[in-house]
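# Structural description and commentary
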Amino acid sequence: MRHLLSIEETPREEIERILEVGRTFLEISRRPIKKVPVLRGKTVVNLFFEPSTRTRSSFEIAAKRLSADVMNFSASVSSVRKGESLKDTVLNLEAMKTDLIVIRHPSPGVARFLTTFCSSSVVNAGDGAHEHPTQALLDALTVLEQKGRLDGLKVVIVGDILHSRVARSDLFLFHKMDSSVVLSGPPTLIPPYFEAWPAEIDYDLDRALEGADVVIMLRLQMERMKGGFLPSLREYRERYQLTKGRLGLTKPDAIVMHPGPINRGIELSHEVADSSRSVILDQVEKGVAVRMAVLSLLLGGEA
Amino acid sequence: MRILLKEGRVVSPANRIDRVMDILIEDGEIKEMGEIQCENCRVYNLERKVVFPGLIDMHVHFREPGREDAESIDSGADAAAKGGFVAVAMMPNTNPPIDDPLRVRFVVEKSRSAKVFIFPVGALTKGRKGQELAELYLMAREGAVAFSDDGSPVENSLVLRRGLEYLLAIDLPYLSHAEDLQLSQEGLVNESPFTARLGLRGRPWVSEAVGVSRDVLLAEFTGAKVHIQHVSSRRALDIIKEAKDRGVKVTCEVTPHHLFLDERVLESFDPNFKMNPPLRTPEDREALLRGVKDGTVDVIATDHAPHSWDDKEVEFDAAPFGVVGLETAVSLVWDRLVHRRVISPKRFAELLSVNPARILGLRGFGIIEKGYPAHITVVDPKKEVTVDRESFASRSRNTPFHGWRLKGAPVLTIVEGEVVHSAI
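How each quantity is defined
- Residues numbered from 1 in each chain as written.
- Chains lettered and ligands numbered in written order.
- Predicted model: local features only at pLDDT ≥ 70, side-chain atom pairs only at ≥ 80, totals over all residues.
- Heavy atoms only, no water.
- Helix = DSSP H or I, 4+ residues; strand = E, 2+ residues; numbered from the N terminus.
- Rg over C-alpha atoms; globule rule 2.2 N^0.38 Å.
- Buried < 20%, exposed > 50% of the residue type's maximum accessible area, 1.4 Å probe, protein only.
- Contact = heavy atoms within 4.5 Å.
- Areas by Shrake-Rupley, 256 points an atom, 1.4 Å probe, with all protein chains shown as cover.
- Lys, Arg positive; Asp, Glu negative; His and termini not counted.
- Charge placed at Lys NZ, Arg CZ, Asp CG, Glu CD.
- Disulfide = S-S within 2.5 Å.
- Buried area = accessible area lost by both parts, 1.4 Å probe.
- Salt bridge = Lys/Arg side-chain N within 4 Å of Asp/Glu carboxyl O.
- Pairing = 2+ DSSP bridges.
- Axes fitted to C-alpha atoms, helices over the stretch in contact; angles between N-to-C directions.
- Domains from an automatic or database assignment.
- Arc of directions from axis to C-beta.
- Polar contact = N/O pair within 3.5 Å; in protein donor to acceptor, adjacent residues only side chain to side chain.
- 1 Å grid on protein atoms, 1.4 Å probe; cavity = no way out; pocket = protein on both sides within 12 Å on 5 of 7 lines; lining within 4 Å.
- Points joined across faces, edges and corners; volume = space filled by probe spheres on them.
- Nonpolar A, V, L, I, M, F, W, Y, C, P; charged D, E, K, R; others polar.
- Right-handed = clockwise from strand over helix to strand, strands pointing away.
- Parallel < 35°, antiparallel > 145°, perpendicular 65-115°, else oblique.

Turning our eyes to something else, we now look at the overall build of chain B. If you tally the helices and strands in chain B, you get 13 helices and 18 strands. A globule of 424 residues ought to have a C-alpha radius of gyration of about 22 Å, and chain B, at 20 Å, matches this closely. Classification of the 424 residues of chain B by burial places 62% in the buried group. Summarising the internal contacts of chain B: among those between residues at least 6 apart in sequence, 75% fall at separations of at least 24. As presented, chain B carries roughly 16,100 Å² of accessible surface, and 45% of it is formed by carbon and sulfur atoms. When the 56 positive and 64 negative side-chain charges of chain B are each reduced to one mean point, those points stand 3 Å apart.

This next bit is on the state of the cysteines. Note: disulfide means a covalent bond formed between the sulfur atoms of two cysteine side chains. Residues and elements named next belong to chain B. Enumeration over the complete set of coordinates arrives at one disulfide over all chains. Between C38 and C41 runs a disulfide, and the two sulfur atoms are separated by 1.9 Å. Given an S-S torsion of about 75°, the disulfide between C38 and C41 has right-handed geometry. Using a relative accessible area of 17% as the deciding quantity, one classes C38 as buried.

On to the interface of chain B and chain A. Listed per partner, the contact involves 17 residues of chain B and 21 residues of chain A. In total, chain B and chain A occlude about 1,700 Å² of area from one another, counting both sides; carbon and sulfur atoms represent 57% of this. Applying the counting criterion to the chain B and chain A interface returns two salt bridges. Here E8 of chain A and R197 of chain B are joined by a salt bridge, their closest N and O atoms 2.2 Å apart.

Time to look at the sheet that holds strand β1 (residues 43–48) of chain A. Residues and elements named next belong to chain A. Across the sheet, which stays open at both edges, the four strands sit in the order β2-β1-β3-β4 with parallel pairing between neighbours. The sheet terminates laterally at β2 (69–74) and β4 (121–127), the two strands that pair on one side only. Each strand of the sheet is rotated relative to its neighbour by a mean of 15°, with strand direction disregarded. As judged from the five bridges shared by β1 and strand β3 (residues 100–105), these two strands associate in the parallel manner. Residue V45 lies in a different strand from β3, and its bridge partner there is I101. Helix-sheet contacts for helix α12 (residues 280–299) involve β1, β3 and β4, and the interaxial angle to β4 is about 150°.

As a further point, take the domain arrangement of chain B. All names here are of chain B. Along its sequence, chain B is carved into domain 1 (2–50 + 372–394 + 403–422) and domain 2 (53–360). For domain 1 versus domain 2, the separation of C-alpha centres amounts to 27 Å. Taken together, the contacts link 31 residues of domain 1 with 37 residues of domain 2. Between domain 1 and domain 2, a total of about 2,700 Å² is buried, with carbon and sulfur atoms accounting for 69% of that surface.

What follows is about the side chain of N46 of chain A. All names here are of chain A. Checked against the element boundaries, N46 lands in strand β1. Judged by its relative accessible area of 1%, N46 falls in the buried class. The residues touching N46, leaving out its near neighbours within four places in the chain, are R56, F59, E60, V70, M71, N72, F73 and V102.

All names here are of chain A. Along the chain, A167 turns up in helix α7 (residues 165–176). For A167, a relative accessible area of 1% translates into the label buried. Remark: the alpha-carbon pair of A167 and A136, spanning 31 residues in sequence, is separated by 8.5 Å. When neighbours within four sequence positions are excluded, A167 is seen to be in contact with I157, I161 and L218.

Residue and element names in this part refer to chain A. One open sheet accounts for five strands, arranged β7-β6-β5-β8-β9; its pairing is parallel. This sheet does not close on itself; its edge strands, each paired only once, are β7 (200–201) and β9 (255–257). The pairing of strand β5 (residues 154–158) with strand β6 (residues 180–184) spans five bridges and is parallel. In the strand pairing of β6, K154 is matched with S180. The sheet strands contacting helix α6 (residues 133–147) are β8 (214–217) and β9, and the helix crosses β9 at an angle near 165°.

Residue and element names in this part refer to chain B. The set of residues buried in helix α4 (residues 157–167) consists of V159, L160, G163, L164 and L167. Angularly, the buried residues of α4 cover 130° about the axis, an arc narrow enough to put them on a single face. Its buried side turned inward, α4 meets α3 (136–142), β9 (146–147), β10 (174–176), α7 (205–222) and β13 (226–228). The N-cap residue of α4 is N156: its side-chain oxygen and the backbone nitrogen of L158 are 2.8 Å apart.

Next up on the list: the layout of surface pockets. Volume-wise, the largest pocket comes out at about 1,400 Å³. Lining the largest pocket are 48 residues, and of these A129, H163, S164, Q221 and R224 of chain A lie nearest its centre. For the lining of the largest pocket, the element with the highest residue contribution is α7 of chain A, accounting for three residues. The residue makeup of the lining of the largest pocket, split by class, is 17 nonpolar, 18 polar and 13 charged. Within this model, the second largest pocket holds a volume of roughly 550 Å³. Considering the residues around the second largest pocket, the lining is formed by 30 residues, among which R63, N93, D150, H307 and F321 of chain B are closest to the centre.

All names here are of chain A. In the sheet, β1 pairs with β2 via six bridges, with the strands oriented parallel. In the strand pairing of β2, T43 is matched with D69. With respect to chirality, the unit in which β1 leads through helix α2 (residues 54–65) into the neighbouring parallel β2 is right-handed.

Let us look at the packing of helix α8 (residues 234–245) of chain B against helix α10 (residues 282–294) of chain B. Residue and element names in this part refer to chain B. Relative orientation of the contacting elements α8 and α10 amounts to 30°, with a least axis distance of 8 Å. The angle between α8 and α10 falls in the class roughly parallel. Across the interface between the two elements, R234, L237 and K241 of α8 pack against D284, A287, L288, G291 and D294 of α10.

Let us now look at unusual backbone geometry. Residue and element names in this part refer to chain B. The omega torsion across E64 and P65 is 5°, close enough to zero to call that bond cis. If you trace the backbone, P65 turns up in the loop between β6 (55–60) and α1 (73–82). Across the junction of N95 and P96, the peptide omega takes the value 0°, indicating a cis bond. Along the polypeptide, P96 turns up in the loop between β7 (85–90) and α2 (101–111).

Right, dumping it as structure tokens:
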């Protein structure tokens, strides 16, 4: 493995390997001295063209716990687009002899574009609405820790599927692991042609939740109202908010996940967000572990 | 200088010729056809080669004025000559746009020294803004052969109606880039299950089909000549076929990239596959091929859209739409359609010469006949080529066909009796 660009093109064995290594790294983060010398002398660049606190810090902490040197580069696409091209920006960073570039960018396919001219390893930390592979991996590790398996589960993903890279990566991952995926949300955000995906679509959330093992709630972007995708927040809440009552439709031990940041009172009710069924903070912890796994497998030689 | 084309298979459907013969060219004209001996002629032995009336690409974008670094009128003409074309129709989306008589004259003047004929297409509305009609009659008088707002289709249906009615008195066609821009929502690729996986914003077939429906109905209503450009989807083609069957004066073209590629290549996120209309599904591609075979499609045109390498070698979102086509079209169409017996050489001549000449009303083009100007393209059906963007005469290299191996190539291009390209 040289890059991590998408879950769709990562074979199941690779995914299992990352999760296995991730599990061992969980333990390191729980030690009093949370550092191992795995990547000593390696340089990791976090190249972020979209605001992100959680993913960027998670990658940063992961790299530091492996003893790598980390540099953060944040910029907005508009400021960069006017001057230096993305390619030139990356080539300049690479000239400082970097080993791995973590990139987040609003344009789908950007991580792959980097691999056409970069000699560093590239990790996709979210490319537009395409994929966010480490999010899917941390979701998988969370589920694995909670359920002890990744196959034979019913996973329901709820909300703005159309614009969500998390939905895509999760969908491909759980499908690869032989779990079934149901997508739920308004049809404007799950156009009918999504039926060609390896997932079921159910516009009725109550029905979709029946017998679910895992519920993944997506963040609703407020600008979707202006885009004509939704009439109002109130209507969305009525139909698609995960409430305590709706949670009763799932299996009794079903878990609730969310890639964050959450809109309390919109996609999740307060009780659900703070309930024992919610594993949202757990996901954050697993995020550091899987990112450590990805970095070490990409840079640690024997991967 | 007299030129003798010896023993080529001459295919000129406009006057029902398809047989081996010699052609004598003198003073820019075809002097004689038949079995000819000539003492001090430059002789081209064209045994086992096919001689066509000069090919015409009725849809190209040159970037002069405005972006001469991507393509000037001269460099575009060089690319055309090398690709086997004797004439092109140049779209008005330059900067500034070709929307008044003076700018039409600029293109005409600039073209005088170019290797091939460049027929300017004027904008239908001022500034291609879709609001006020441009000076269509005066532009026609300066040499515009058709009108089009090109990539910015006229959104206001009343403005388009007036424009089409006005054209009745000029008797030139309207070239329609048919698209409902609202439905297109600035999509980057076809909207489909496949591209949704890639997270790329979609431009659905229905935006093209809605645009085509409106323009075809307005053609019927006004009686104007409407030519639908770069048809890319099955349903849009169905609508055109149905209108033609009803007797509406509508014609249409398809591009080589829509005929020979589908959206699945986008997996690479390579901006050289980004164009508008976008590459569609394999089913759409099949429908276009059927249309080429059954006659629904009148013309193959390239939509040659040069962009500098720096502009294209960026993230997919930021890249401009369009690909070059002049230097690959003939080999592609020959290899994929003629060589594989999907269409005959006669149909090839219709699609690339006879019909574009007829639609644009280009006198003296689209026919090989004694007394006519000598516009000729010779194809070597056996010549194998590998598409190499580094060898293009065009100033741009944004081709989706780099590295393709093809059988059949243009080897001789003659414009008004002058050899502008020879690879014999």
